[in-house]
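A look at the structure
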Amino acid sequence: MARKRPVQTKIKKKSRALFVDPSMLIVVMLLLCFGLIMVYSASSYEASVNFSDSTFYLRKQLGASALGIVCMIVFSRIDYHLMKKFAPYLYLGSLVSIILVKTPLGMTINGANRWIRLGPLSVQPAEIVKLALIVFLAGFICSRKGQLTYFRGFLKCMIPALIPTLMIYRITRNLSSALIIAGIAVIMLFVASPRYWYYILGALGVGGVGFGLVYLVGSGILPDNISYRLTRVKAWLNPEAYASNEGYQTLQALYSIGSGGLTGKGLGQSIQKLGLVPEAQNDMIFSIICEELGLFGAFAVIIMFLILIWRLLLVATNAPDLFGALLVVGVMGHIALQVILNIAVVTNVIPNTGVTLPFISYGGTSILFLMAEIGISLNVSRAQKAD
Amino acid sequence: MKKIKRFTINMQRKLVVLFIIVLAAFIALGYKLYTITRDKGDAYKRQVLSQQKSSSTTLPFRRGDIVDRKGSRLAYSEKVYNLIVDSKQMHEEEGIHLEPTLSAISSSFPEVDMEALRKYVNENPASRYRVFAKKISYDEVEKFEELQKASMAASVSADEKVGTINGVWFEEDYTRKYPYDSLACDVVGFVQGNNVGFYGLEGYYNDTLNGINGRSYSYLNDDDVMEDSIQPAKDGRTLVTSLDINVQSIVEKHIKLFYEKYKDFAREGAAAENIGVIVMNPNNGEVYAMAGYPVFNLNDPENMDEVDLTPFMKSTSSNTVAVSDNSSAEDTLPETVSADEAASVSNNEPEMDDLTKAKNAIWRNYCISDSYEPGSVMKPFTVAAALDAGKITGEESYDCPGYLEVGGFNIHCHNRLGDGLLTVQQGIAKSCNVVLMNIAFTMGKEEWLRYNRIFNFTLKTNIDLYGETNASSVAFNENMGQTDLAVASFGQGFNVTMIQMAAGFSALINGGYYYQPHLVTEIKNTDGAVIEEVEPKLLKQVISESTSKKMRDMLKTVVMSEPSECTGWSARPAGYTEGGKTGTAEKIPRGNGNYLISFMGYVPADDPQVLCYVIIDTPNHPQQSESTRLATTLNKDIMTEVLPYLNIFPTEELTEDERAQLTESQEAFFVGSDGVSENSVSEDNAETLEEGGDDETIVINPEETVSYDSAGKAISQNEIRYDEETGYPIDPSTGEVLDPVTLLPVNGNSSFITGGD
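Here the structure is a predicted model, which means the values were calculated and not measured.

Some thoughts on the overall build of chain A
Looking only at helices and strands, one finds 13 helices and three strands in chain A. Counting across all 387 residues of chain A, residues that qualify as buried make up 50%. For chain A, contacts bridging at least 24 residues in sequence account for 70% of all contacts bridging at least 6.

Section: the overall build of chain B
When its secondary structure is counted, chain B shows 24 helices and 29 strands. Considering only contacts within chain B whose residues lie at least 6 apart along the sequence, 71% involve residues at least 24 apart.

Describing helix α18 (residues 445–454) of chain B
Every buried residue of α18 of chain B is accounted for by W448, L449, Y451, N452 and I454 of chain B. Once α18 of chain B finishes, N456 of chain B follows within two positions and takes phi at roughly 75°, a positive value.

Some remarks on the interface of chain A and chain B
Contact residues are listed per partner, giving 45 residues for chain A and 36 residues for chain B. Mapped onto the side of chain A that touches chain B, the elements with two or more residues apiece are α7 (175–192), α10 (248–260), α11 (285–317) and α12 (322–346) of chain A. Sort the elements by how many residues they give to the side of chain A that touches chain B and α11 of chain A lands first, with ten residues. By residue class, the composition of the side of chain A that touches chain B is 30 nonpolar, twelve polar and three charged.

Things to note about the sheet that holds strand β11 (residues 274–280) of chain B
Residue and element names in this part refer to chain B. An order of β12-β11-β25-β24-β23 is seen for the five strands of this open sheet, with the pairing classed as antiparallel. If you trace the sheet from one side to the other, it starts and ends with β12 (287–291) and β23 (579–586), each paired once. Each strand of the sheet is rotated relative to its neighbour by a mean of 5°, with strand direction disregarded. Looking at chain direction, β23 and strand β24 (residues 595–603) are connected through eight bridges and run antiparallel. Note on β24: the bridge partner recorded for G583 is S598. In the packing of helix α9 (residues 245–261) onto the sheet, the strands contacted are β11 and β12, and the crossing angle to β12 comes to about 25°. Helix-sheet contacts for helix α23 (residues 628–645) involve β11, β23, β24 and β25 (610–617), and the interaxial angle to β24 is about 30°.

Reading guide: rules and limits
Residues numbered from 1 in each chain as written. Chains lettered and ligands numbered in written order. Predicted model: local features only at pLDDT ≥ 70, side-chain atom pairs only at ≥ 80, totals over all residues. Helix = DSSP H or I, 4+ residues; strand = E, 2+ residues; numbered from the N terminus. Buried ≥ 20, exposed ≤ 12 C-beta atoms within 10 Å, placed from the backbone. Contact = placed C-beta atoms within 7 Å. Nonpolar A, V, L, I, M, F, W, Y, C, P; charged D, E, K, R; others polar. Pairing = 2+ DSSP bridges. Axes fitted to C-alpha atoms, helices over the stretch in contact; angles between N-to-C directions.

Note that every value here comes from positions in space, so none of it alone points to a role or purpose.
Encoded structure:
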């Protein structure tokens, strides 16, 4: 093994227990604080109009962030190996939480039935599933590592991922979350398996089907009334033609990005957030970042995420065992996927679908579970030194 | 212990591959961001700014008031609200706001069609702007806003997410109100659509009355910060007019009474085709009252339910222009067909077209928009011209055999038997055509036409009202022959408007000074400060002072002579001296027995203060040519009530008959049929009324304390007792009898009252 370990032996046990990856922690805290600032900037107008309180969203996000930090500390202190035992229960619990959406505990916001109520909090099961799947799949792959060489083994490992994927898609009608959940599983399996070719084939296959569908929709061969998603694809291909309905959000986001220029209008100076970009503090927050902080600000955010992903890669590489490494790979895949999809939606590279920007977008559940994932990663980073 | 499964080097390699893919994706997205900014940056910047502009809102101005000479508001604008429905906001958060909002609307605004609203909201969930009710009063809006406040408070304190009243807002607007409904409708005019005035003062002074809309908008300042800015609306100006609502209501009351009295009198139908009355001050051109018939409600000008349209449905044009040239008068008629009316015309076109014509005929002001042959009221103009030009001295006498042969035709006098030898004065008093024809021939055509121009019969008077007709081409005929001149001398064969006649006649009797007739005396801003004072406009001297004096003397004999010696005796209001001239003009086509009768009178005869011109077109009378008395009586009725109100005091002693008549009419009046103040005494000029000298108590409204309720009725406040013997007022505090002129206590019991002149 190419890993260097001479330093570790010199570190005393007590200080070892405190040791976490400092760069990752700093980047995460920076993103979190930056997120709070941007949520306040993007939401204050809407909040003061709708709730007569410009800090309405900020206060909720602050609470979620504080809870998230507590969660991160807790997960970073609990030995991640313990989680392996609880993984099946966590996994099953997350599946139950999806079903709870259909019970009286479920909540409907903006016409989407995607939340469950837990006392004063509302929680999105899709976020629970992401964490549960990462933990469960990491353990699952560890126990079936040898089988991944074969395609059947790969398929077997995909089953625990496909169940929640289909449930999220069928029950909560949330395609983007379903895709992210499936994507996390594929990434974890890709890293764990020694093969390349069926991933390449799979990528080509999915890409081919996607292009084919887009071609059919774009050329008008498919009738419009099959699904509202088809209209979204059309709006994606030509947002100006759907400027007043499906293409509105995308177009306004593009206007924000374009009008920001190189250096932006300055923090808090966005015009588009004044009721023009829907979900400005949420899915579309990146467009407000572009408008206020310009390309520099946008690149800075992308670079921060890149640093975070790089640190996760290092933690995974230095993990003491496969389970820890796969946990971190899952977290890394989760964050990378959401960042890429979010920015791709905002820049109209892919059709519009609701994906939040990790650590920055408004959303309590998302922050809470992301911080838990970071806690797990920090825990793994601590363990690598202990070995 | 189980062997620890390691993260193999192969896996690490794949992880690096994954990182490279992620990095590539990030770079690709970064490049996309860069290209958006590079290629579309400027276009999107403009787009963002242009979207902002649309957020500015208009702040409506308030149209100015129209008030009468005492400050009573004839027209004003009241703030109202338009209800705007934001369907999208109602549907937010799963539509929990929808039901509370709709129920609040239905309880606060009963005029909203809830079914239509519900349908619209359900079918257009993305709509952000739709006006659903117009001209809502502030009271209703306040009620709604209280409901809204309560619902907001409830939602804040509630644990669960509850629906609030949302997605409704209000736009300010103004609506025009006419508190006296139909009073002076032809003079005031009305407003349609977006503050566009039609007819009357509303039409003529549209730009003065209108202000400039304000604007509330957001803009980017130099630091790219959004700033809100409000450009307040500039309200319109207020018009102070010379109209007097009391004089106007007296006039309109008597016109109405006339229509009631002579309906179906000689034949089935209305009392007359039309009646026009102008009351004005002959010394400065200020119009006190101007009325026609029928009237309409200014608050609802399209509603003709209470108007008898039959005379207007048959033939609207034949009664307006008597002489050949139709086009010139028609050209200047205001064209008003409201849009919604035009839309509804299609299904039954001919009938609706008639209705539209009838409406326009009713909306127009007869006194300025219609022209007619003046008849004998023209005679004083001919005589004044001849006197002023020195063609006659006024001492001449002419023999009247009852007709004069001109160009092979016998042109008859009113009295076909002839009156024998007549002086000029008698010619006027008896209205003899032969005398006038002889005078006109003495003058000659050129001189007669020259004076015609001097008296302004060839031009509009430029009175400040919308829709004045120029009757010049029918009045002014350079190629007139001897016959034309002969009939023109007594007012046939050419057309004039009432306001032309009244303005010219004022000049004849006031010393020869021709004032432009006008209504607006002051223009004020919103703070009540006078911006423009409109002085009486003296245009020219048409005849000399001495000629005017001679005319007054002659015109006095028309009314003040023995009934057998004059035509206008029945016009005199009891207690006053009056001068004037009757008119009876045969209408075209001749020989049908249709006449336009008129009387132009002024009081007092020697020092004219009030001029009243009455026209009755085709009276419902068995012998129209003999019906001049209808016009003189109408003049008398109006003058009898108007004169005391205008502080013009009687100078003549009353006969027993007159006294009895006055008492009777006063009693009828004070029982309260109409409620318009008949007598008014100002504090510094308390004057008794002789006819009130019996043992009766007269209710008097001192001018300063007269107040009006919303319907324009005067409310009496003071009672003054009069001495039974002398008719002098009694000081309420001391019980002493006061001299009516000096207001000093009088000793002795002289019953002689000195007249004004």
